[in-house]
Amino acid sequence: MSANSVSYNEQGSVESGVDAAQENSSIPGSFSSGGAAFSLFSADCKKNEDLKEMLESNKESLKLEAMKRIVGLIAKGKNASELFPAVVKNVASKNIELKKLVYVYLVRYAEEQQDLALLSISTFQRALKDPNQLIRASALRVLSSIRVPIIVPIMMLAIKEAATDLSPYVRKTAAHAIQKLYSLDPDQKEHLIEVIEKLLKDKSTVKYLDIHTNMTKMLLVIKMVVMAVSQLYWHLAPKHELSIITKSLVRLLRSHREVQYIVLQNIATMSIQRKGMFEPFMKSFYVRSTDATHIKTLKLEILTNLANEANISTILREFQTYVKSQDKAFAAATIQAIGRCATNISEVTDTCLNGLVLLLSNRDETVVAESVVVIKKLLQTQPSQHSDIIKHMAKLFDNITVPMARASILWLMGEYCEHVPKIAPDVLRKMAKTFTNEEDIVKLQIVNLAAKLYLTNSKQTKLLTQYILNLGKYDQNYDIRDRTRFIRQLIVPNEKSGALSKYARRILMAPKPAPVLQSAFKDRDRFQLGTLSHTLNSQASGYLELSDWPAVAPDQSVRNVEVVEPVRLPCIFILFYFLKIMLVLTYICVHVESVSESESEENSDDSNKSSSSQSEKSSSESDSEKKKKTLKNKKLQQQKPDILIITYLPPQIMQKTLLLIIMTKYILIHIVLSISTQFFVNCMCSLLHLCVFLACQFDAVSWHVHVSLQASSPVFVPETSHELLHRMTGKGLSAQYRFTRQPCIYGNSMVSLQLTLSNSSDQALENIHISEKSSTGQNIHRFNAIERLEPQASVTVSMGVDFNDSTQAANFQLCTKEDEFSVSIQPAVGELLLPITMSEADFTKEQGKLMGMNESSATITMTPENVSSQSVNRKVVSVANIGVIPSSQENIYRFAGKTVSSGSLVLVSVALKDPDAVITINTEKTVIGSMLLRQFKTALTNSGP
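Conventions we followed
- Residues numbered from 1 in each chain as written.
- Predicted model: local features only at pLDDT ≥ 70, side-chain atom pairs only at ≥ 80, totals over all residues.
- Heavy atoms only, no water.
- UniProt positions renumbered as here; feature names shortened; annotations may be inferred.
- Helix = DSSP H or I, 4+ residues; strand = E, 2+ residues; numbered from the N terminus.
- Buried < 20%, exposed > 50% of the residue type's maximum accessible area, 1.4 Å probe, protein only.
- Expected span 1.5 Å × (residues − 1).
- Axes fitted to C-alpha atoms, helices over the stretch in contact; angles between N-to-C directions.
- Parallel < 35°, antiparallel > 145°, perpendicular 65-115°, else oblique.
- Left-handed = near helix turned anticlockwise from the far one by under 90°.
- Contact = heavy atoms within 4.5 Å.
- Nonpolar A, V, L, I, M, F, W, Y, C, P; charged D, E, K, R; others polar.
- Pairing = 2+ DSSP bridges.
- Disulfide = S-S within 2.5 Å.
- 1 Å grid on protein atoms, 1.4 Å probe; cavity = no way out; pocket = protein on both sides within 12 Å on 5 of 7 lines; lining within 4 Å.
- Points joined across faces, edges and corners; volume = space filled by probe spheres on them.
- Core = buried A, V, L, I, M, F, W, Y, C linked by side-chain atoms within 4.5 Å.

As named in an unreviewed UniProt entry, the protein chain is AP-3 complex subunit beta, taken from Cyprinus carpio. Turning to the protein chain, the UniProt annotation filed under Sequence similarities (unreviewed entry) states: "Belongs to the adaptor complexes large subunit family."

Listed below in structure tokens is the structure:
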């Protein structure tokens, strides 16, 4: 409690100092002179004696200079309470500047030095009648800071007089004093309510601002209620109802920094157990440049908890920006978060490792040191596969100066010295030269490295090890001396050596378990959310744990809830909504007609051909199908008019239409306000001005149309079919599916599939369809129901599935009239792409934008039959549905595609370097890039077709 009170008082002193600086415009430099004088009295009592002498002198200039220094001392958080007796003597000074600074001091220390402040209470009462409004307000502020019940009547009288003061600033101070008096004596509630009623009738702007301040404090109480309700839902509500509190908690992140801190801590705990709750609001946790370090760290923690295979690409791209932050502590925390992502999601482990290795060349020592520590932890999972990284770190060892980073590299050298047999002895040789100048943590790892090399490569390192052990024997640090003696007796057998020397290799070279990188909030769920214990991660005094569920069920009547009828919107709102629709449709009809006319003139030949083909197709359609489509379109238009409008708009006018929608919404707002207020004419004028302004924007704004990537025809279409349903499982119904690698006609984000349904039974199957309630997450376009399938007959249908750029299987139910069969379609990663066309220059330009963690590469040894260009192209396009990009270089082959769902670029290049080849994949979808890389490696190293 003492620590908290000190921090509160220091904060209060800073606020008082700032307030005084704003009020006292006549004394510029009051704090600047104090800042320059801090070195005069850092911790020396004699300098406080000098200030006392200056305050007791007869010269006003010395007193003023002393008070400036004292206020500057308070602003820095220093303790100047021992100067209270000398300062309070000057409260009756006639110098206005000096008196203001004295009151700033008294406001800060009046609560601590109550006895001395009471001696001057008559002076404060006289100051309430001072002609200067700042002195009157300061006197009232000091009175309200003296927390002694005996002066409650004096404070009550002073507040009543100040509430009727001619100065708005004094009345504002009276409003601040009300809550202080109420906390001191709640029995004064009725008298204070009378004062508040007077202040609420005040027409001064300053008073309204002060009331707003008090209302803000009430809003903080409301936010506490939201947090309490969230706590109730978290501990008691069913899992499917937890999403109710998500929006409320995310909305609280717009509050002050203190509220953000508490809310983010609770969200960090929730996100560990329920990732799905906050994943739709992931962008709300992106770090802003104005956030404090502790807020940034909490947001980083939440983003790491929310990371999964679907969103890891987006999160890693965000982390790449955070690493470049000027906040070193935040940059280091980001590197740790990247390490956690690499540990939790195996698909991006290699990508994260490559990105961290690139950070080793960073100019910032903090970033380099943290990268080394994280790489060390990641390499412990698969050291044999990353010996190149260990060698690279050894090369950079001389340029790294942070002790923890140097120690981590030395540990890696010793632990995996068998993987780098030529480099480790040379590193030990360099360390022997600089042993005496290294930090203690580095010296310990040098001794360990020497011991491990002595056991594995004694022929080269025996003399070096003896030299290092002799240096450590006489080191100033006793830990190093003890470690050296222990190592000597363990690895160098002699007559005095014990039985442990036989097991030296097993002791020092034993395999170590890889460290587990986990969230710091993993164990905080043992405390209730929103409590002090949860914030501190330690049980505070007075903390009460949740009680167990009752042994006897409570009365059912407590669950009866009164049903409240919903309030219907007035008819005028419905009228306004249709008015908006009519305005938008009118604008669209005019522009669509003009655009269609221009397009028809340019493409008359194509339109004639297409119209003729469409007329032939339309004649073949039945009247019943046309009626069904017409009814379906009308139903969609009634349900989602705005969505249909935006979906079918030409890109030339889409943005203009959006602006028109915004304009109509503002029009409706102004109409509603004009009806509910007496200033009808003013609202109509402002409405007219708004309409004129927005109308001008249609011609003034230059609209930008984004040209999307154009898909090309597939280079290779596999004929292989996959089994969807076996005839034994399907009771005679069997199903095969294959990927057509064509753009899906049912949606731009869907993968096109072709299903072949066969009836191998002796009876006809009726009403073959896909259940409407069968899909799990993915958007599936179902084929039309097959009314009847004769025995031994087959039929081919098409369907579309939006896999969301993921290889997660699409589960659904294939039904007949009598049975339902659960089936799933597992897409290969290469089928989630569409080929695109681009020039070699565009390919190189886009590849340059997708470097770092967006790049995956591997070196393979190709068989002789796979070295030709035809073989490379055939192997690559058979694995993935991507297009071939013309290349001017003979030994480099380039391919390009885009993901079907999000349209993200996927660039592939194969560079032949006899007898090896380097495969490089650049894409924002890191998981897709890693999976494609593995499949390309397998395809290009196999000698088969």
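(A) Geometry of the side chain of R340. When you line up the elements, R340 lands in helix 19 (residues 328–344). Classification of R340 as buried rests on a relative accessible area of 10%.

(B) Geometry of helix 11 (residues 168–184). Taking 1.5 Å of rise per residue, 17 residues should cover 24 Å, and helix 11 covers 25 Å from first to last C-alpha, within 8% of that figure. Along helix 11, the positions that sit buried rather than exposed are Y169, V170, R171, T173, A174, A175, A177, I178, L181 and L184.

(C) Up close: the packing of helix 6 (residues 96–109) against helix 9 (residues 133–145). Packing of helix 6 against helix 9 leaves a shortest axis separation of 9 Å and a crossing angle of 20 degrees. Here helix 6 is positioned roughly parallel relative to helix 9, judged by the angle of their axes. Taken as a pair, helix 6 and helix 9 cross one another with a handedness that is left-handed. Contact residues: helix 6 offers K99, K100, Y103, L106 and V107, while helix 9 offers L134, I135, S138, A139, R141, V142 and S145. Classifying every residue of the contact of helix 6 with helix 9 gives seven nonpolar, two polar and three charged.

(D) View of unusual backbone geometry. Its identity is not glycine, yet N767 carries a phi of approximately 55 degrees, on the positive side. Among the structural elements, N767 can be located in strand 4 (residues 765–770). Although it is not a glycine, N804 adopts a positive phi angle of roughly 60 degrees. For N804, a relative accessible area of 43% puts it in the partly exposed group.

(E) Fine view of the sheet that holds strand 7 (residues 794–802). Strand order in the open sheet formed by five strands is 1-2-3-7-5, with antiparallel pairing between adjacent strands. Strand pairing shows two members of the sheet lacking a second neighbour, strand 1 (722–725) and strand 5 (779–781), which therefore form its edges. Strand after strand, the sheet turns through a mean of 35 degrees between neighbouring axes, direction not considered.

(F) Focus on the state of the cysteines. With the rule as written, the count across this model stands at zero disulfides. The closest cysteine sulfur to the non-disulfide-bonded C341 is located on C352, 6.3 Å from its own sulfur.

(G) Examining empty space enclosed by the protein more closely. Tallied over the full model, the rule gives one cavity of 30 Å³ or more. Elements with a contribution of two residues or more to the lining of the largest cavity: strand 2 (733–743), strand 3 (751–759) and strand 10 (833–835). By residue number, the principal contributor to the lining of the largest cavity is strand 2, which donates three residues. Here the lining of the largest cavity is built from residues that sort into six nonpolar, three polar and two charged.

(H) Here's a closer look at the nonpolar core. Among the nonpolar cores identified, the biggest contains 128 residues, and F285, F319 and F936 are the most heavily contacted of them. Tallying contributions element by element places helix 25 (residues 440–456) first for this core, with nine residues. If we skip the residues at most four places from it in the chain, F936 touches V876, V879, A880, I882, V908, I919 and I921. Judged by nonpolar contacts, the second largest core, of 60 residues, contains L73, L101, A158 and A174.

(I) Region of the structure containing the sheet that holds strand 8 (residues 810–815). Strand order in the open sheet formed by four strands is 6-4-8-9, and the pairing between neighbours is antiparallel. Strand pairing shows two members of the sheet lacking a second neighbour, strand 6 (786–789) and strand 9 (820–825), which therefore form its edges. Each adjacent strand pair in this sheet contributes to an overall mean axis angle of 30 degrees, direction not counted. Of the pairings in the sheet, the one linking strand 4 to strand 8 comprises two bridges and is antiparallel in character.

(J) Summary view of helix 6. For helix 6, which comprises 14 residues, the first-to-last C-alpha distance of 20 Å matches the rise-based estimate of 20 Å (1.5 Å per residue) to within 8%. Among the 14 residues of helix 6, twelve are classified as buried, and the element is accordingly described as predominantly covered. For helix 6, the complete set of buried residues consists of L98, K99, K100, L101, V102, Y103, V104, Y105, L106, V107, R108 and Y109.

(K) Broad picture of the pairing of strand 8. Relative to strand 9, strand 8 is paired through six bridges, and the arrangement is antiparallel. Pairing of F812 across the sheet is with V823, part of strand 9. Adjacent in sequence and paired antiparallel, strand 8 and strand 9 are bridged by four residues.

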